[in-house]
Amino acid sequence: EAGVTQFPSHSVIEKGQTVTLRCDPISGHDNLYWYRRVMGKEIKFLLHFVKESKQDESGMPNNRFLAERTGGTYSTLKVQPAELEDSGVYFCASSQDGRSWGYTFGSGTRLTVV
Amino acid sequence: AQSVTQLGSHVSVSEGALVLLRCNYSSSVPPYLFWYVQYPNQGLQLLLKYTTGATLVKGINGFEAEFKKSETSFHLTKPSAHMSDAAEYFCAVTQGGGGGNKLTFGTGTQLKVEL
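*Asks:* Looking at this structure, how should I read the interface of chain B and chain A?
*Replies:* Interface size is commonly expressed as the accessible surface area that is lost when the partners come together. Listed as interface residues are 22 residues of chain B and, on the opposing side, 19 residues of chain A. Of all residues in chain B, B:L44, B:N101 and B:K102 give up the largest surface area on contact with chain A, accounting jointly for 33% of the area buried on that side. Put simply, chain B and chain A have two salt bridges between them. Put simply, A:D56 and B:K102 hold a salt bridge, and the shortest N to O gap is 3.4 Å. Applying the counting rule to chain B against chain A returns five residue pairs in polar contact (both at pLDDT 80 or more).

*Asks:* Can you help me understand the pairing of strand β6 (residues 53–56) of chain A in this one?
*Replies:* Here is the key point about a regular strand: its side chains alternate between the two faces of the sheet. Across three bridges, strand β5 (residues 43–50) of chain A lies against β6(A) in antiparallel orientation. Bridge assignment links A:H48 to a residue of β6(A), and that residue is A:D56.

*Asks:* What is the right way to read the sheet that holds strand β7 (residues 64–68) of chain B from this model?
*Replies:* In a beta sheet, neighbouring strands pair by backbone hydrogen bonds and run either parallel or antiparallel. Residue and element names in this part refer to chain B. Read from one edge to the other, the open sheet built from five strands follows the order β1-β3-β8-β7-β6, with strand pairing classed as antiparallel. The outermost strands of the open sheet, each flanked by one partner alone, are β1 (3–7) and β6 (56–58). Strand-to-strand twist of the sheet, defined as the mean angle between neighbouring strand axes without regard to direction, takes the value 20 degrees. In the sheet, strand β3 (residues 19–26) pairs with strand β8 (residues 73–78) via four bridges, with the strands oriented antiparallel. Residue V19 lies in a different strand from β8, and its bridge partner there is K78.

*Asks:* What am I meant to see in the state of the cysteines here?
*Replies:* Note on terminology: disulfide describes a covalent bond linking the sulfur atoms of two cysteines. Within the structure shown, the criterion is met by two disulfides over all chains. Disulfide pairing places A:C23 opposite A:C92 at an S-S distance of 1.8 Å. Judged by the sign of its S-S torsion, about -65 degrees, the bond between A:C23 and A:C92 is left-handed. With A:C23 in strand β3 (residues 19–24) and A:C92 in strand β9 (residues 88–95), this residue pair connects regions lying 69 residues apart in the sequence. Assigned by exposure class, A:C23 and A:C92 land together as buried. Here B:C23 is linked by a disulfide to B:C91, with a sulfur-sulfur distance of 1.9 Å. Negative torsions about the S-S bond denote left-handed disulfides, and the value of about -65 degrees found for B:C23 with B:C91 makes this one left-handed. Here B:C23, found in strand β3, pairs with B:C91, found in strand β9 (residues 87–95); they are 68 residues apart in sequence, far enough to count as distant. Its relative accessible area of 0% is what places B:C23 among the buried residues. The buried category is assigned to B:C91, whose relative accessible area is 0%.

*Asks:* What is the right way to read the sheet that holds strand β7 (residues 65–68) of chain A from this model?
*Replies:* Residue and element names in this part refer to chain A. The antiparallel open sheet is built from four strands, whose spatial order is β1-β3-β8-β7. Edge positions in the open sheet fall to β1 (5–7) and β7, since each of these has one partner strand only. Neighbouring strand axes in the sheet, compared pairwise and without regard to direction, differ in orientation by 15 degrees on average. Both β1 and β3 contribute to a ladder of three bridges, which runs antiparallel. Paired with T5 across the strands is D24, a residue of β3.

*Asks:* Looking at this structure, how should I read the confidence of the model for chain B?
*Replies:* Taken over all residues, the pLDDT of chain B has a mean of 91, while the share at 70 or more is 96%. Ranking the elements of chain B by mean pLDDT puts β9(B) last, at 92, and β8(B) first, at 98.

Reading guide: rules and limits
In this numbering scheme, every chain counts its residues from 1 along its sequence in written order. Here chains are named by letter from A upward and ligands by number from 1 upward, in the order in which they appear as written. Totals for whole chains, interfaces and linings use all residues, but because this is a predicted model, local features are given only for residues with pLDDT of at least 70 and pairs of side-chain atoms are given and counted only at 80 or more. Only hydrogens and water are set aside; all other atoms, that is, all heavy atoms of the structure, feed into the side-chain values. The criterion used for residue contact is that any of the two residues' heavy atoms lie within 4.5 Å. Values labelled buried area give the accessible surface lost by two parts on being combined, using a 1.4 Å probe and summing over both. Here, a salt bridge means any side-chain nitrogen of Lys or Arg that lies within 4 Å of a carboxyl oxygen of Asp or Glu. Here a polar contact is recorded for every N or O atom pair within 3.5 Å, except that within protein the pair must consist of a potential hydrogen donor and a potential acceptor, and residues adjacent in sequence are included only if both atoms are side-chain atoms. Strands were regarded as paired on the criterion that DSSP finds at least two bridges between them. Put simply, DSSP marks the helices as runs of H or I at least four residues long and the strands as runs of E at least two long, and each gets a number from the N terminus on. Lines fitted to the C-alpha atoms define the axes, with helices restricted to the stretch that makes contact. Angles between their N-to-C directions range from 0 to 180 degrees. A pair of cysteine sulfur atoms is labelled a disulfide when the two atoms are within 2.5 Å. Each residue's exposure class comes from its accessible area (1.4 Å probe, protein chains only) as a fraction of the maximum for that residue type: buried when under 20%, exposed when over 50%, partly exposed otherwise. The pLDDT score gives, residue by residue, the confidence of the prediction method on a 0 to 100 scale.

Here it is as structure tokens:
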């Protein structure tokens, strides 16, 4: 089965610009998660979708971040406008039954804001 | 609230030597514990997990970890390091009992294996 796919793998943008990250979960996985790792720090939870609904968005840092999952398939995470502190690696994961030990992670998108 | 502490952001071992990566956790409820590995340019891969039952957990690539409730630890070990083990390792915790599905990670330990 295909894994979790994220793209782009790398993105370099200027402060103030907009960037959209995309995640394609494993087919049939209703649960989709976004995590972020800022340089040198821990990987932090951003939000959790169940199908197209946001189950938990407690980790979203501020309103410059917008996550969507239209139709319950792929998800996008938009950062607008990007700030320097948004730089990091953004991971997506999916699972079929919502239990954390069933996660499959993507390889991440490395975002650099200059 | 949950938290994870990984002692040592960088660990270096010789090939063939014991690997020991330390993880201590804090959780107000019975935890589920995980070790993930990230190889260069790849995603996070689950090495092993503890949910319930036997406290010594075996994972892939010869790694194992022991859940010690009294010490709130879940250290990762491998008897003999191989060059291919060089990667970054993350310890993570979530609530047990199926009530939680959000992972709390440690800051990671970069493992270097030298000849």
